[in-house]
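# Secondary and tertiary structure notes
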Amino acid sequence: MKRYFIDLHTHSTASDGTDNPATLVRRAAAQGLAAVALTDHDCIDGLDEAAAEAARCGIRFIRGIEIAANYDNEEVHLLGLWMPDPSAAMQQALKRMRSNRKERNDRILDALERIGLPVSAEEVCSLSSGGPVGRPHIALAMKNRGYVHNRREAFIRYIGNEGRAFVPRVLMDAEEGIALLRGEGALVALAHPCLYRNMNRQKLDRMLENLAPQGLHALEVYHSSHTQEQVRICVSLADKYGLLLSGGSDYHGRNKANINLGTGLRGNVRVPLYVLEKMEAFRREKGLLL
Ligand code: AMP
Ligand code: FE
Ligand code: FE
Ligand code: ZN
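These remarks concern the structure in this document.

When you go through the protein chain residue by residue, the secondary structure sums to 10 helices and 11 strands. For the protein chain, the C-alpha radius of gyration of 19 Å lies close to 19 Å, the compact-globule estimate for 290 residues. On the principal axes, the C-alpha backbone points of the protein chain span a range of 55 × 45 × 40 Å. In the protein chain, buried positions account for 55% of the 290 residues. Once local pairs closer than 6 in sequence are excluded, the contacts in the protein chain between residues at least 24 apart make up 72%. Of the roughly 13,500 Å² of accessible surface on the protein chain, a fraction of 48% belongs to carbon and sulfur atoms. For the protein chain, the distance from the average site of its 38 positive side-chain charges to the average site of its 35 negative ones is 4 Å.

And the structure:
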C-alpha cells in the first residue's frame, strides 16, 4: 500500500516525550506514515536508536532536532532536519544549552524554595531519562510533592512564562541558531510560527522578512496548534519568501495526550508526502546529504 502522509515534528524520551525513540518510530510505521522525523528539544541522543528501528520497520526516518533561540526577546523554536553526526561546534553548542538549562533550573528551584515550595535538583533529575532536564520535569516533581494537582497548574501558577517562579533561559540568537544548523548541513525550519506571542499575519511577515535572508529554509505551516486560517496565512507567507513547507504534529506521547502522532489534535494535521519530496529535491539540487 502506498503511504501518503508524514510527520516531521515529534519528541521522545530523549527530551520531553514519553515514547522511547524506537517505540515512537514503530508507532509511526504502524499508523501507515511514509516518513517520520524525531526532533527532540536540544538533543540528538535518540536519533541512532530511532534510525535503527526505522530500518527494521520500513519507514523513512529523518534525523532532526528542535532548538530554542531568541528572536526579538522571545523564545522561538528552530527545527533542523537531516542532522548529521554532530560537528565539534554542534557538540559544544549542545553542551552549552545543557549548562544554560541547568543554571536556569537551579534558579527556578531557588525561586520555588523562596515561596515555600522546595524541590530538590536530585528529585527533578531522577524524573528525566538522561536527556535535557527542564520545566516539565520540575512540574512533575511539584505534582509528586503535592504542591499542584497537575503539571498544567505548575506552569500556570509557578513556572510558566507568567508564573511566580518563572526564570527565562539564556538562548542563542535565532540568527546564530540558523547558522549553527546550516553549518551542519541541516535544513532549517521555523517551528509552529503561530504559537509565538501576539502572532498575526503582519508580525509573521516581518519575522520572515528578517529570518529568510539569514538562511531559514522552511516554515512549519502544518502543526497541531494551527487553525485552517493560520495554515493558509503560513502557506502564503512561505510562498512570498520562497520558503519550503514543513509540518508535523509535535507529538509528545502522554505528556501532550491529546496530540496524536501523524494526525495532531483531533485529526487537524495531515502532512502530505510531497512536503518531504520537495525538501529532498531541494537538498539534491544543493548537493546536500539525504
Ligand atoms: P523548558 O524547555 O524547560 O523551557 O520547558 C518547555 C517545555 O515545557 C515545553 O516543551 C512543553 O513541553 C512544556 N510546557 C510549556 N508550557 C506548558 C504548560 N502550560 N503546560 C504543560 N507543559 C508545558
Ligand atoms: Fe516539548
Ligand atoms: Fe517547540
Ligand atoms: Zn516540539
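In the region of ligand 1, the neighbouring residues are D16, H41, R101, R104, G134, R135, P136, F155, H252 and K256. Measuring from an oxygen atom of ligand 1, one finds a side-chain N or O atom of H41 at 3.3 Å. Note that an oxygen atom of ligand 1 is positioned 3.1 Å from one of the side-chain N or O atoms of R101. The protein chains hide 73% of the 500 Å² of surface that ligand 1 would expose on its own. The cavity that encloses ligand 1 is the largest pocket. At the level of elements, α3 (88–114) and α5 (135–144) are the ones that each hand at least two residues to the shell around ligand 1. Taken together, the residues that form the shell around ligand 1 break down as 2 nonpolar, 3 polar and 5 charged.

Attention shifts here to the pattern of salt bridges. Inspection of every chain in the model, using the stated rule, returns 16 salt bridges. With a shortest N-O distance of 2.8 Å, D205 and K240 are connected by a salt bridge. One end of the pair, D205, is in helix α8 (residues 201–211); the other, K240, is in helix α9 (residues 228–240), with 35 residues separating them in the sequence. Since its relative accessible area comes to 52%, K240 is described here as exposed.

Summarising the metal site, the iron ion (ligand 2) is bound by the protein donors D16 (OD), H41 (NE2) and H252 (NE2), whose distances to it range over 2.1 to 2.2 Å. Here the iron ion (ligand 2) binds 4 donor atoms, and the angle range of 89 to 149 degrees at the metal identifies the geometry as irregular. Here the donor residues for the iron ion (ligand 2) map to a single chain with the spacing D-x24-H-x210-H. Taken as a pair, the iron ion (ligand 2) and the iron ion (ligand 3) show a spacing of 5.8 Å. Of this pair, D16 sits in the loop between β1 (5–7) and α1 (21–30) while H252 is found in the loop between β8 (244–248) and β9 (259–260), placing the two residues 236 residues apart along the sequence. With respect to class, D16 is no different from H252; both count as buried.

Rules used in this analysis
- Residues numbered from 1 in each chain as written.
- Chains lettered and ligands numbered in written order.
- Predicted model: local features only at pLDDT ≥ 70, side-chain atom pairs only at ≥ 80, totals over all residues.
- Heavy atoms only, no water.
- Helix = DSSP H or I, 4+ residues; strand = E, 2+ residues; numbered from the N terminus.
- Rg over C-alpha atoms; globule rule 2.2 N^0.38 Å.
- Buried < 20%, exposed > 50% of the residue type's maximum accessible area, 1.4 Å probe, protein only.
- Contact = heavy atoms within 4.5 Å.
- Areas by Shrake-Rupley, 256 points an atom, 1.4 Å probe, with all protein chains shown as cover.
- Lys, Arg positive; Asp, Glu negative; His and termini not counted.
- Charge placed at Lys NZ, Arg CZ, Asp CG, Glu CD.
- Near = heavy atom within 4 Å.
- Polar contact = N/O pair within 3.5 Å; in protein donor to acceptor, adjacent residues only side chain to side chain.
- 1 Å grid on protein atoms, 1.4 Å probe; cavity = no way out; pocket = protein on both sides within 12 Å on 5 of 7 lines; lining within 4 Å.
- Sits in = over half its atoms within 2 Å of the grid points.
- Nonpolar A, V, L, I, M, F, W, Y, C, P; charged D, E, K, R; others polar.
- Salt bridge = Lys/Arg side-chain N within 4 Å of Asp/Glu carboxyl O.
- Donors = N, O, S within 2.8 Å, 3.2 Å for Na, K, Ca; no water.
- Tetrahedral: all angles 85-135°; square planar, octahedral: opposite > 155°, others 65-115°.

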